[in-house]
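Each chain, letter by letter, is given below.
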Amino acid sequence: MNKELVMAIYDMDDNIITAVFSDRSVEDYYVPDYEDTLETTASMRSQLELLLENDVYSYVQLMLSGSMMEYLGGIVSDMKTQRLAVRDDLRNICDDATAEYLSREFMMYDN
């Protein structure tokens, strides 16, 4: 029988994910232990936290498949593209250094 993820529950207080599989097995994952194995930046950690809080099922699927860094890489690439677009727009109204600074500052905050 193929072991497929059926449900995932995140316990915020203990920072543990409980995963239930199609073969009725249950596994617990301590989130800090998993995330410490990843080479992430502060921005990536923020994205991990958002994913965990909003879509724990997808978080577990990415974790089990080993695709978390690919997922995070896509987000970082998208954020860089957005920041450069903001910077280019700001260059129309202020000097290059100010545009660079402001675009970095704007992109520090989530929408």
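Up top you'll find the structure we're talking about.
Residues numbered from 1 in each chain as written. Predicted model: local features only at pLDDT ≥ 70, side-chain atom pairs only at ≥ 80, totals over all residues. Heavy atoms only, no water.

A.B. asks: Now, about the pairing of strand β1 (residues 5-11): what can you tell me, with residues and values included?
C.D. replies: Looking at chain direction, β1 and strand β2 (residues 16-21) are connected through six bridges and run antiparallel. Looking at β2, one finds that Met-7 is bridged to Val-20. (Pairing = 2+ DSSP bridges. Helix = DSSP H or I, 4+ residues; strand = E, 2+ residues; numbered from the N terminus.)

A.B. asks: I'd like a description of the sheet that holds strand β3 (residues 26-30), backed by residues and values.
C.D. replies: A sheet is described by the order of its strands in space; here three strands give the open sequence β1-β2-β3, paired in antiparallel fashion. The sheet is open, and its two edges are formed by β1 and β3, each paired on a single side. On average, adjacent strands in this sheet sit at an angle of 20 degrees to one another, irrespective of strand direction. Across the sheet, helix α3 (residues 56-65) is in contact with β1, β2 and β3; its angle to β1 comes to roughly 110 degrees. (Axes fitted to C-alpha atoms, helices over the stretch in contact; angles between N-to-C directions. Contact = heavy atoms within 4.5 Å.)

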